[in-house]
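# Fold and contact review
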Amino acid sequence: MSARILQGEVGIEEAVTTLAAGGLVALPTETVYGLAALAQDARACARIFEAKARPLSDPLIVHVPGPEWLERLADPDPLTRLLAETFWPGPLTLISPKKPCVPDLCTAGEPTVALRMSAHPLFLETLSRLNEPVAAPSANRFGRISPTSAQHVFDELGAKIPMILDGGPCVHGIESTIVQTREGVIHILRQGPVTRSQLEPFGKVSSQPTGASAPGTLKSHYAPQTPLRLIPRDEEAPRHAKGVRVGLLAWRNARPGFDAVEVLSAQGDPVMAATVLYGAMRRLDARGLDAIWAETPPASELGDAILDRLRKAAASQ
Ligand code: TXA
Ligand code: MG
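Predicted model only: the values in this text are computed from it and were never measured.

Rules used in this analysis
Along each chain, residues carry numbers from 1 onward, in the same order as the chain's sequence is written. All chains are assigned letters beginning with A, and all ligands numbers beginning with 1, in the order in which they are written. Owing to the predicted nature of the model, reporting of local features is limited to residues with pLDDT of at least 70; listing and counting of side-chain atom pairs is limited to 80 or more, with chain, interface and lining totals taken over all residues. Each side-chain value is worked out from all heavy atoms of the structure, with water and hydrogens disregarded. Three exposure classes are used, based on accessible area relative to the maximum for each residue type with a 1.4 Å probe and protein chains only: buried under 20%, partly exposed in between, and exposed over 50%. Each helix is a run of H or I in the DSSP string that is no shorter than four residues. Each strand is a run of E no shorter than two, and both are numbered from the N terminus. A pair of strands is labelled paired if DSSP reports no fewer than 2 bridges between them. For the purposes of this description, domain bounds are those given by an automatic or database domain assignment. Any two residues whose heavy atoms approach within 4.5 Å at even a single point are treated as in contact. As used here, buried area is the combined drop in accessible area, with a 1.4 Å probe, of two parts when they are placed together. One side-chain nitrogen of Lys or Arg within 4 Å of one carboxyl oxygen of Asp or Glu is enough to make a salt bridge. In this classification, the charged set is Asp, Glu, Lys and Arg, the nonpolar set is Ala, Val, Leu, Ile, Met, Phe, Trp, Tyr, Cys and Pro, and all remaining amino acids, among them Gly, are polar. Each residue is tested against the molecule or strand, and it is near if at least one of its non-hydrogen atoms lies within 4 Å. Any N or O atom pair separated by 3.5 Å or less is treated as a polar contact, with the protein-specific requirement of one donor-capable and one acceptor-capable atom, and with residues adjacent in sequence counted only for side-chain atom pairs. For every accessible area listed, the method is Shrake-Rupley and the probe measures 1.4 Å; residues are considered covered only by the protein chains on display.

This paragraph deals with the pairing of strand β14 (residues 260–263). Remember that side chains alternate between the two faces of the sheet whenever the strand is regular. Burial along β14 is one-sided: Ala260 and Glu262 are buried, while Val261 and Val263, pointing the other way, are not. As paired elements, strand β13 (residues 246–250) and β14 share four bridges and run parallel to each other. Directly across from Leu248, in β14, lies its bridge partner Val261.

This is the structure in structure tokens:
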């Protein structure tokens, strides 16, 4: 199999037909590309795990066609409902107790389900015609870098899925913020484009896990094949041995002494950096380097979300 990359109306129609038949389609979202299949069809969900080589213990995010699905699929508390009203469609994933119509396979046996409504116009149009929720984790092989373009998806999964709906580059470039509420407290399980200060008007915000298992917080994830290590942004880069080929993920221009440099944002703008982060990691990874050094981001909320990804990429080696 070799995935077809389709665009526009033709792509949407093909995506709807393929999904309705229980097949897999990679779809663009505003965060990263997702690998979608019917959420309420356990066999379709199983194909996602198979294509990604994802452990069955890692639950899938379910993407809904509209906010009314929050209560069709889950039992959200009032605060979760308010967050959905405020941030959907958008890059916020909400965890609530699941209803029986969500297959256990989809939630990896968890009693909860992660729900999100994407704001991407092609995603929304596909789901509104399908009129069904889809499970859609990031469209990469398990543990690898999330894709932010149709070509990235093709490079990851082109041999395993029939089609990719091309919506151009993703606006945010990093995965959605995941939260779970408990007794009026909003627990951030994964940092992302919706920041702590955006959540604070709605309740106390905690970055501590809820105590319930949080599979989304694996220590190692988002990894290039090349070993990656973090270095402080403001210090002189440490020297590396002669003959060792090192690439740099940089926050400023003109860093001599490296075999390849990808500048995330010379202005230190984390929004810009997030949109290019995974593409830059992929390009460095393709250079056959011995190591990638990543400068730490400037301190900011989105900067911290980027740092979280870089730490996880570094932890996998
Ligand atoms: O932006 C995103 O969220 C993208 C796009 C495609 O929507 N999706 C995404 O999915 O990043 P994925 O599967 O790569 O990451 C979702 C994370 C996983 O690490 C999973 O363990 C966690 O969410 N998760 C899913 N259901 C959960 C649950 N019931 N409780 C705790 N964590 C959960
Ligand atoms: Mg992922």
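Partitioning the protein into domains gives domain 1 (4–206) and domain 2 (228–315). Averaged C-alpha coordinates put domain 1 and domain 2 at centres separated by 28 Å. Across the contact, 20 residues belong to domain 1 and 13 residues belong to domain 2. Three residues stand out in domain 1 for area buried against domain 2, namely Ile145, Ile174 and Gln191, and they jointly supply 44% of the buried area on that side. In this assembly, domain 1 and domain 2 are joined by two salt bridges. The partner of Glu175 in a salt bridge is Arg309, with the nearest N and O atoms 3.0 Å apart. Contributions of two or more residues to the side of domain 1 that touches domain 2 are made by α6 (150–157) and α7 (196–199). Here the residues of the side of domain 1 that touches domain 2 are counted per class, giving six nonpolar, 10 polar and four charged.

Right, let's talk about the site of ligand 1 for a bit. Close to ligand 1 lie 23 residues; Thr31, Asp58, His63, Ser138 and Ser176 are nearest. A distance of 2.9 Å separates an oxygen atom of ligand 1 from a polar atom in the side chain of Arg54. Side-chain polar atom of Ser138 to an oxygen atom of ligand 1: 2.8 Å apart, as the coordinates give it. In isolation ligand 1 offers 680 Å² of accessible surface; the protein chains occlude 98% of this area.

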